[in-house]
Amino acid sequence: MTHGPYPPSAQRGMSPITVLLICAAIGFCMLMVFRIAPIYIADSTVSGALKGIEQEPNLARMSPYEIRNRLQRRFDVNDIDAIKSSDVKVTKDAGELVISIEYETRRPLIYNLDVVAHFTH
């Protein structure tokens, strides 16, 4: 009776330590996803708020204060707390209204390590 190129005693599968290491690696990757994904979901909401403000009627006639106020209301409704009104810049460049947002988000990752993400729109 033959059992292939290896004797049956050599075909035992993964050791418990290998299984533990694989589970730890998968767990660490899942932790990273759960901690980092909300940052990018919130940034997607910020991007959507900017696209939404572009659709506002009479946007060109609004003051910078009004534009910041409308954006801040959108951020409040969507529970975006990473952006302050000072992060929103409203300027006119060659007669064209330019709204830009530059902000940074910091979230705890593990113990004393943080994730820092920098966004510009």
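Residues numbered from 1 in each chain as written. Predicted model: local features only at pLDDT ≥ 70, side-chain atom pairs only at ≥ 80, totals over all residues. Heavy atoms only, no water.

Looking only at helices and strands, one finds two helices and three strands in the protein chain. The linear arrangement of helices and strands in the protein chain, starting from the amino end, is α-α-β-β-β. Relative to the compact-globule value of 14 Å for 121 residues, the protein chain shows a C-alpha radius of gyration of 25 Å, a clear excess of over 25%. Summarising its shape, the C-alpha atoms of the protein chain cover approximately 90 × 35 × 25 Å along the three principal directions. Counting the 121 residues in the protein chain, one finds 23% classified as buried. In the protein chain, 37% of the contacts between residues at least 6 apart in sequence involve partners at least 24 apart. (Helix = DSSP H or I, 4+ residues; strand = E, 2+ residues; numbered from the N terminus. Rg over C-alpha atoms; globule rule 2.2 N^0.38 Å. Buried < 20%, exposed > 50% of the residue type's maximum accessible area, 1.4 Å probe, protein only. Contact = heavy atoms within 4.5 Å.)

Moving on: the packing of helix 1 (residues 16-54) against helix 2 (residues 64-77). Relative to each other, helix 1 and helix 2 sit at 140 degrees, their axes nearing to 10 Å. By the angle between their directions, the pair helix 1 and helix 2 is classed as oblique. Crossing of helix 1 against helix 2: the hand is right-handed. Together, Val46, Ala49, Leu50, Gly52 and Ile53 of helix 1 and Arg70, Leu71, Arg74 and Phe75 of helix 2 make up the contact between the two elements. (Axes fitted to C-alpha atoms, helices over the stretch in contact; angles between N-to-C directions. Parallel < 35°, antiparallel > 145°, perpendicular 65-115°, else oblique. Left-handed = near helix turned anticlockwise from the far one by under 90°.)

Now for unusual backbone geometry. Located in the positive-phi region is Asn58, a residue other than glycine, with phi close to 60 degrees. Checked against the element boundaries, Asn58 lands in the loop between helix 1 and helix 2. Of note in the backbone geometry, Tyr111 takes a positive phi value of approximately 50 degrees without being a glycine. Its place among the elements puts Tyr111 in the loop between strand 2 (96-110) and strand 3 (113-120).

Leu71, Phe75, Ile83, Ile99 and Ile101 are the most contacted members of the largest nonpolar core, which totals 22 residues. Where this core is concerned, the elements lending two or more residues are helix 1, helix 2, strand 1 (88-93), strand 2 and strand 3. Considering every element that reaches this core, the biggest residue donor is helix 1, with five residues. Other than its neighbours up to four places away in sequence, Ile99 contacts Leu50, Ile53, Ile67, Leu71, Val88, Lys89, Val90 and His121. (Core = buried A, V, L, I, M, F, W, Y, C linked by side-chain atoms within 4.5 Å.)

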